[in-house]
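Geometric and topological summary
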Amino acid sequence: MKKILALVLALALVLSLCSFASAEGAKKKVGISMPTQSLERWNRDGTYLKEQFEAAGYDAILTYSDNKNDQQVNDIDNMLSDGVDLLIVSAIDGEGLNTCMDSAAEKGVPVLSYDRLIINDASKYYVSFDNYTVGKLQGQYVETALDLANAGDKTFNIEFTAGDPADNNAGYFFNGAFDVLKPYIDAGTLKVVSGQTEFQAVATAQWSTDTALARAQNILASYYADGTQLDAWLCSNDSTAAGVAQAIESDYAGTNAVVVTGQDGDIANLANIVDGKQTMTVYKNVANEAVVTLAVAKAILEGEVNGEELVKTFDVPCAFDTTSYFTSEGNFANSFLLVPSVITADNLQELVDIGLYQWDADQKYLLAK
Ligand code: GAL
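Reference entry: report on the structure contained in this document.

1. Thoughts on the environment of F314
Along the polypeptide, F314 turns up in the loop between α12 (307-312) and β11 (318-321). For F314, a relative accessible area of 14% corresponds to the buried category. When residues no more than four places from it in sequence are discounted, the contact partners of F314 are V292, A295, V296 and F336.

In structure tokens:
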């Protein structure tokens, strides 16, 4: 009798943990819309998200929209036509998805903004990293690397390269960094020789490496060809840092090491960090971001999202925020914000330890796992 009871209980547990099948027994279906495969990190995000949701018993549709907003609208509309129960979207353009957000709202399909906020009230949930802190870490790295607090009357020269103005994150990254460094610019300790300090002037459409390269080459030719020393270049992510590092290598006549920041831990940039062409990257564990997204998605589909309680169940630090990321005037997303970290040549092993990268045969460069 006891064996039968144990079996029944085990079966009940399995069924309760199984997928979130709706009452009719059909599996719940999620639509995962990623912006592009041309920026390395999104391939990892898409893979981790699909793996997590399928392992939890969901059907998962995964699309990449080639950094084309119209294609992403089409991809999302198709997901809605396929009857998804939840949309998980990393927006190419945070303000470019209103038509499909309206469709989702009409169909009662909840929307979770993934990493990048959709500026539309249909997106009531947001999972990302603390984007302002990402920028702050970059600014603080430059502040420390140049020892700006103890510069005395020395002046250091810096340039800025921000991200895609269509990406809601890019402004937070830039502001986080600029807010750290502006006091030094105002005091004359830091000088932006090109004079380009406004976000729109330093932004990089589509986060394009080539665009960042061309702009950096132009700045170096225009302002540094006379031997002016360049001490730092604040880049908001790795794809733009790759372009800037290439320009410095090919077009900067100085012999000093230039502090170059980045974000994402892209493989080529980690190699640049080993080779001294980039100085740091802000790492965001997108595997953790996928796990948190799954937990929030489950709560959404169960009809009960208690953010304060939910974050207590996570194995990783995650803040619940309802006042930082607005989707319209006076309306804020329920935001789950993970914590970024700084990676330099001195702690690359940390990326191996978390199981997402491995050393090459010579134990010199990191490879994706
Ligand atoms: C941002 C993202 C960053 C950065 C950029 C390019 O929205 O948060 O990790 O890499 O897109 O993909």
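2. Quick word on the side chain of T240
As for its position among the elements, T240 is in helix α9 (residues 238-251). Assessed through its relative accessible area of 0%, T240 is described here as buried. Among the polar contacts listed, one links the side chain of T240 to the side chain of N237, at a separation of 2.8 Å. In contact with T240, other than residues within four places in its own chain, are T161, A162, T204, W207, S208, A212 and C235.

3. What about the pairing of strand β6 (residues 156-161)?
Within β6, six of the six residues are buried, which leaves it mostly tucked inside the rest of the structure. Here β6 shows two buried faces, one formed by F156, I158 and F160 and the other by N157, E159 and T161. The sheet contact formed by β6 and strand β7 (residues 190-191) spans two bridges and is parallel. Each residue of the ladder has a partner; that of N157, found in β7, is K191.

Thresholds applied
- Residues numbered from 1 in each chain as written.
- Predicted model: local features only at pLDDT ≥ 70, side-chain atom pairs only at ≥ 80, totals over all residues.
- Heavy atoms only, no water.
- Helix = DSSP H or I, 4+ residues; strand = E, 2+ residues; numbered from the N terminus.
- Buried < 20%, exposed > 50% of the residue type's maximum accessible area, 1.4 Å probe, protein only.
- Contact = heavy atoms within 4.5 Å.
- Polar contact = N/O pair within 3.5 Å; in protein donor to acceptor, adjacent residues only side chain to side chain.
- Pairing = 2+ DSSP bridges.

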